[in-house]
Amino acid sequence: MPSQQQVVDAIDTASALPYYHQLKTILRARIAREGLVAGDRLWSDNEVSQSYGVSRSVVRQALAELENEGVLERIKGKGTFLARERRDHGLAQSLQGLYAHAQKAGITLESEVLRQEIAAAGEAVADALHLPIHTPVVVLERVRRAEGEPWARTTTWLPAELFPGIEKRDFRRDSLYRILSDDYGITMGTARRSIEAVLAREDIAASLEVDEGAPLLRIRSVLWDETGRPIEAFTAYHRGDASRFDIVVGKELDSAAVTIGHA
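Read on for an overview of the structure. Note that the structure is predicted; figures quoted are calculated from it, not measured.

1. Remarks on the overall build of the chain
Helix and strand counts for the chain stand at 8 helices and 10 strands. Taking all 263 residues of the chain together, the buried fraction comes to 43%. The long-range fraction of contacts in the chain, counting pairs at least 24 apart against all pairs at least 6 apart in sequence, stands at 61%. Accessible area of the chain: about 14,100 Å², with a carbon and sulfur share of 50%.

Given below as structure tokens:
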């Protein structure tokens, strides 16, 4: 009688279960048994095929499903790796910012400030904030780190007239939204955000410690206060290998704009 170890590690040719389904179970068990951790390199298609006596097409189907389930990731030209956990940023439909969401999730979030100054608004920023072009705006550019690992690079623009002195605040650990609310008396209203997939250009890739051309999620947002006045615009680049956005949908939301924010 075969041992439990042999059952786990062998395809049962008499089973009604498809080979690819059995192979998925075997590989999951092997990952756990060998104590592999996120980022570890896994076995090649050829190694899996030879180890378990199945065709390459069965291996490809099993690995494709494990990739879809978030268990592993396949990187062209590099191989197959145990996937890293993707954190939900909690921003897709909330007026809480990244800092507040990280605190709630028990994640240590820190910011590396790359730029913090008053500058003249360009055409796109001026249009987003309903300002004349060249109006002074506060520019805050940061790399956000979760548990020490780069998570996102964000650039925020605020009308300088509304927030005097904010360009001198310490944003390495503090929350922008907390400062807007507590120190400037801002009550958040609504925001509109767009999310799209892009490839990392050289400077963004360096900040996020990924390869140039790596997949990122780019988020653009404009936030209004309760009076309908635009108070913040931002563009953020989130690492595609470490990020996800969970969104609740329902019939009552079909015609509604997503109301979101960021800090």
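That shown, we press on.
2. What to know about the pattern of salt bridges
Taken as a whole and assessed by the stated rule, the structure comprises 17 salt bridges. A salt bridge links glutamate 65 to lysine 24; its shortest N-O distance comes to 3.0 Å. You can see glutamate 65 sitting in helix H4 (residues 56-68) and its partner lysine 24 sitting in helix H2 (residues 19-33), a full 41 residues away along the chain. According to the relative accessible area criterion, glutamate 65 is partly exposed, its value standing at 24%. As a salt-bridge pair, aspartate 203 and arginine 201 come within 2.7 Å of each other at their nearest N and O atoms. On the basis of relative accessibility, which here comes to 32%, the residue aspartate 203 falls in the partly exposed class. Residue arginine 201 is classed as partly exposed on the basis of its relative accessible area of 46%.

3. Section: the side chain of aspartate 225
When you line up the elements, aspartate 225 lands in strand E8 (residues 215-225). The class for aspartate 225 is buried, based on a relative accessible area of 5%. In this structure the side chain of aspartate 225 is engaged in a polar contact, spanning 2.9 Å, whose partner is the side chain of arginine 229. Sequence-distant contacts of aspartate 225, that is, excluding residues within four places in its chain, are made with Ile186, Thr187, Met188, Gly189 and Ile231.

4. As for helix H7 (residues 176-184)
Among the residues of H7, those classed as buried are Leu176, Tyr177, Ile179 and Leu180. End-on view of H7: buried residues confined to an arc of 165 degrees, all on one side of the axis. Looking at the buried residues of H7, the elements they touch are strand E5 (136-146), strand E6 (149-159), strand E7 (188-199), E8 and strand E9 (230-239). Where H7 starts, the residue carrying a side-chain oxygen 3.3 Å from the main-chain nitrogen of tyrosine 177 turns out to be serine 175. A positive phi of about 70 degrees marks glycine 185, the residue just after H7.

5. Section: the pairing of E5
Judged by how many residues are buried, E5 sits mostly within the fold: 9 of 11 residues are covered. Bridge count for E5 against E6 is 10 bridges, and the pairing is antiparallel. Note on E6: the bridge partner recorded for leucine 140 is threonine 156. In textbook terms, the turn of a hairpin is the stretch between consecutive antiparallel strands, and for E5 and E6 this stretch comprises 2 residues, one of which, glutamate 147, has a positive phi near 50 degrees.

6. Side note on H4
Relative to the 18 Å expected for 13 residues at 1.5 Å per residue, H4 spans 18 Å between its end C-alpha atoms, a close match to the ideal helical length. The complete set of buried residues in H4 reads Val58, Val59, Ala62, Leu63 and Leu66. All buried residues of H4 fall inside an arc of 125 degrees around its axis, so they share one side. Along its buried surface, H4 packs onto H2, helix H3 (45-52) and strand E1 (72-75). Looking one or two residues beyond H4, the residue adopting positive phi is glycine 70, at roughly 80 degrees.

7. Side note on the packing of aromatic side chains
This structure, assessed with the given rule, holds 1 aromatic pair. Plain terms: the ring middles of phenylalanine 163 and tyrosine 184 are 5.4 Å apart, the flat faces sit at 85 degrees to each other, and that makes the pair edge-to-face. Here the residue phenylalanine 163 occupies a position in the loop between E6 and H7, and tyrosine 184 occupies one in helix H7, the gap between them amounting to 21 residues.

8. Thoughts on the environment of threonine 156
Assignment of secondary structure puts threonine 156 in strand E6. Expressed as a C-alpha distance, the spacing of threonine 156 and alanine 236, which sit 80 residues apart in the sequence, is 8.4 Å. Ignoring sequence-local partners within four residues, the contact set of threonine 156 consists of Val138, Val139, Leu140, Arg142, Leu176, Glu232, Ala233 and Phe234.

Basis of the calculations
- Residues numbered from 1 in each chain as written.
- Predicted model: local features only at pLDDT ≥ 70, side-chain atom pairs only at ≥ 80, totals over all residues.
- Heavy atoms only, no water.
- Helix = DSSP H or I, 4+ residues; strand = E, 2+ residues; numbered from the N terminus.
- Buried < 20%, exposed > 50% of the residue type's maximum accessible area, 1.4 Å probe, protein only.
- Contact = heavy atoms within 4.5 Å.
- Areas by Shrake-Rupley, 256 points an atom, 1.4 Å probe, with all protein chains shown as cover.
- Salt bridge = Lys/Arg side-chain N within 4 Å of Asp/Glu carboxyl O.
- Polar contact = N/O pair within 3.5 Å; in protein donor to acceptor, adjacent residues only side chain to side chain.
- Arc of directions from axis to C-beta.
- Pairing = 2+ DSSP bridges.
- Expected span 1.5 Å × (residues − 1).
- Phe/Tyr/Trp six-rings, centres within 6.5 Å; stacked < 30°, edge-to-face > 60°.

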